[in-house]
Amino acid sequence: MSLIRLWILFLLLFGMTTPLFSGEPQEQLQQTTDKVLAILSDPNLKSPEKAKERRELILRVVDERFDWEEMARRCLARHWVQRTPEEKREFIHLFKELLQQVYMDKVEAYSWNKIQYEGETIDGNYGTVKVKIFTSKEQPIRVEYRLLKKGPHWLVYDFSIEGISMVNNYRTQFNEIIVKSSYRELIKRLKTKVSQP
Amino acid sequence: MEFGVGLFVIAGILCLGYLSIKLGRMEIFGGRGYEIYAIFSNTGGIKTGSTVVLAGVEVGRVKSISLENYQAKITLLLQPEVKIQEDAIASIKTKGLVGEKYIEITPGGSNEFIPPGGRIRETQPPVDLEDLISKILFEKI
């Protein structure tokens, strides 16, 4: 009898502590990363004709985890409030295209050997997850994701590679262009950048 | 005669006191302004008294640096008229390649401002040039 009780206690304890080993932000981020890696390593999608399809599949997975609006808002910073809803929509779309263009090639080019999770922090609705990405190169790439909890989902609103924050980088660049010329000019430049092959 | 010498000495001591306070950037009556703090994974050698700039304009100074949970907690004393948005980013930068370190704040777009005693959540530690150079070198090979 007492053995059964002990067993139940053990099950209860074990069941309760398992999610604590890696918290929600990391768990959700890991799910997304695993899905992307699965697509990247799928032999059926490796051929050049399938490149477009593969890209779309990856994008769909990434879409679930990335909060594009929050990212765009933080990158435009002070200039975001002055935009009309129409302009905001246009900007989010362009910004998303820009990030895809900049990072997709890298994601596809690297051979992903291993992703090591280096710990996470949770502070209210905000969380960070640190990872080390081991590629074929000797040195791993340090990436830190910053996530915001919206409902049950933890969504990425910024990430830094080797300590350099994506939002901070674009915030400085966008601000410079807007202050020097205008918001229209920024949109023009983004459009040309995005339309480049 | 003796009275004149005494006066001279006292004047000299006052001048010395004034100089040391000015040069040491100390504040006698506690600085004007309000404090906020930020947690950095690495200070990169920033010191008490280092400047805090926004758009290149000095808006405050580093008041204290302490260790908290194996991370650096940097307290900033900001001018009272400078309001920092809740999504602003604080990053540690270097003047030139080997110059002194300072903290730069990139203003955010949020409607909420950080209250006195609050925290800048978004921080960016200094970029380790040596580290980056070694990475680039390794990539080349």
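Given the structure is predicted, the values throughout are model-derived calculations rather than measurements. Position labels on residues start from 1 in each chain and follow its written sequence. Ligands are numbered from 1 and chains lettered from A, in the order in which they are written. The predicted origin of the model limits local features to residues at a pLDDT of at least 70 and limits the giving and counting of side-chain atom pairs to 80 or more, whereas totals for whole chains, interfaces and linings rest on all residues.

**A closer look at the overall build of chain A**
When you go through chain A residue by residue, the secondary structure sums to 7 helices and 5 strands. The buried share of chain A, taken over its 197 residues, is 20%. Restricting the contact set of chain A to residue pairs at least 6 apart, pairs at least 24 apart contribute 47%. For helices the rule is a DSSP run of H or I covering at least 4 residues; for strands it is a run of E covering at least 2, with both sets numbered from the N terminus onward. Buried means a residue has 20 or more other C-beta atoms within 10 Å of its own C-beta, exposed means 12 or fewer, and partly exposed covers the counts in between; C-beta atoms are placed from the backbone. Each residue is represented by a C-beta atom placed from its backbone, and any two residues with such atoms within 7 Å are regarded as in contact.

**Description of the domain arrangement of chain B**
Interface size is often expressed as the accessible area that is lost when the parts come together. For the domains described, the bounds stem from an automatic or database domain assignment. The assigned domain composition of chain B is domain 1 (1-30) and domain 2 (31-126). If you average the C-alpha positions of domain 1 of chain B and of domain 2 of chain B, the two centres end up 33 Å apart.

**As for the pairing of strand β2 (residues 51-54) of chain B**
Residue and element names in this part refer to chain B. DSSP calls a pair of strands paired once it identifies at least 2 bridges connecting them. Taken together, the 4 bridges between β2 and strand β3 (residues 57-68) define a ladder with antiparallel strand orientation. Note on β3: the bridge partner recorded for Val53 is Glu58. In textbook terms, the turn of a hairpin is the stretch between consecutive antiparallel strands, and for β2 and β3 this stretch comprises 2 residues, one of which, Ala55, has a positive phi near 55°. Note: β2 against strand β6 (residues 101-106), 2 bridges, orientation parallel. Counterpart to Val53 in the pairing with β6 is Glu104.

**Quick word on the packing of helix α4 (residues 68-76) of chain A against helix α5 (residues 85-109) of chain A**
All names here are of chain A. Under this scheme, a helix contributes an axis fitted over its contacting stretch, all axes are lines through C-alpha atoms, and angles between N-to-C directions fall in the 0 to 180 degree range. Two elements in contact, α4 and α5, have axes separated by 9 Å at closest approach and are oriented at 95°. If you check the angle between α4 and α5, you find them roughly perpendicular. Residues Trp68, Glu69, Met71, Ala72, Cys75 and Leu76 of α4 pack against Phe91, Ile92, Phe95 and Lys96 of α5. When residues are grouped by polarity, Ala, Val, Leu, Ile, Met, Phe, Trp, Tyr, Cys and Pro land in nonpolar, Asp, Glu, Lys and Arg in charged, and all others, Gly among them, in polar. Across the contact of α4 with α5, the residue classes tally to 8 nonpolar, no polar and 2 charged. Between 65 and 115 degrees an angle is taken as roughly perpendicular, under 35 as roughly parallel, over 145 as roughly antiparallel, and anywhere else as oblique.

**What to know about the packing of helix α2 (residues 24-41) of chain A against helix α3 (residues 51-65) of chain A**
Residue and element names in this part refer to chain A. Two elements in contact, α2 and α3, have axes whose closest approach is 10 Å; the angle formed by their N-to-C orientations is 180°. Looking at the two axes, α2 sits roughly antiparallel to α3. Two secondary-structure elements touch here, α2 through Leu29, Thr32, Lys35, Val36 and Ile39 and α3 through Arg54, Leu57, Ile58, Val61, Val62, Glu64 and Arg65.

**Focus on the sheet that holds strand β7 (residues 119-120) of chain B**
Sheet strands line up and pair through hydrogen bonds in the backbone, either parallel or antiparallel. Residues and elements named next belong to chain B. Ordered by their spatial adjacency, 8 strands build an open sheet running β7-β1-β4-β3-β2-β6-β5-β8, and the pairing between neighbours is mixed. The open sheet has two edge strands, β7 and β8 (122-124), and neither has a second partner. Looking at chain direction, strand β1 (residues 34-40) and β7 are connected through 2 bridges and run parallel. When the sheet's bridge partners are listed, Ala38 is paired in β7 with Ile120.

**A few points about the sheet that holds strand β4 (residues 153-161) of chain A**
Residues and elements named next belong to chain A. If you trace the 5 strands from one edge of the open sheet to the other, you get β1-β2-β3-β4-β5, paired in antiparallel fashion. On the outer flanks of this sheet lie β1 (114-123) and β5 (164-165), each paired with one strand and no other. Here β4 runs beside β5; their pairing, made up of 2 bridges, is antiparallel. Among the inter-strand pairings, Ile161 is bridged to a residue of β5, identified as Ile164. Strands β3 (141-150) and β4 of the sheet are contacted by α4, whose axis makes an angle of about 45° with β4.

**Looking at the environment of Ser50(B)**
Residue and element names in this part refer to chain B. Mapped onto the fold, Ser50 is located in the loop between β1 and β2. Residue classification places Ser50 among the buried positions, given that 20 C-beta atoms sit within 10 Å. With 11 residues separating them in the primary sequence, Ser50 and Arg61 have C-alpha atoms 5.6 Å apart. When residues no more than four places from it in sequence are discounted, the contact partners of Ser50 are Arg61, Val62, Lys101, Tyr102 and Ile103.

**Here's the deal with the interface of chain A and chain B**
Listed by partner, the interface residues are 20 residues for chain A and 15 residues for chain B. Put simply, the parts of the chain that give the side of chain A that touches chain B at least two residues each are α4, β5 and α6 (166-180) of chain A. Looking at the side of chain A that touches chain B, the element that brings in the most residues is α6(A), giving 4 residues. Split by residue class, the side of chain A that touches chain B holds 7 nonpolar, 6 polar and 7 charged.

**Quick word on α4(A)**
Residues spaced three or four apart along an α-helix face the same direction, because each turn holds 3.6 residues. Residues and elements named next belong to chain A. Residues of α4 that are buried: Met71, Ala72, Arg73, Arg74, Cys75 and Leu76. For α4, the secondary structure elements touched by its buried residues are α5, β4 and α6. Trailing α4 by a residue or two, Ala77 shows a phi angle of about 50°, which is positive.

**Comments concerning the pairing of strand β4 (residues 71-78) of chain B**
The side chains of a regular strand alternate between both faces of the sheet. All names here are of chain B. Examined bridge by bridge, β1 and β4 share 7 bridges and lie antiparallel to one another. Counterpart to Ile36 in the pairing with β4 is Leu76. Where β3 lies against β4, 8 bridges are found, and the strand directions are antiparallel. What sits directly across from Glu68, in β4, is Gln71. Joining the antiparallel neighbours β3 and β4 is a turn of 2 residues, in which Asn69 adopts a positive phi near 55°.

**Some thoughts on the nonpolar core**
A set of buried Ala, Val, Leu, Ile, Met, Phe, Trp, Tyr and Cys residues, joined through C-beta atoms within 7 Å, is what we mean by a nonpolar core. Counting residues in hydrophobic clusters, the biggest one holds 43 residues, and the most contacted among them are Cys75(A), Leu76(B) and Ile103(B). When residues of this core are assigned to their parent elements, the largest contribution, 5 residues, is made by β4(A). The contacts of Leu76(B), once residues within four sequence positions are left out, are Glu35(B), Ile36(B), Tyr37(B), Ala38(B), Val52(B), Gly60(B), Val62(B), Lys63(B) and Ile103(B).

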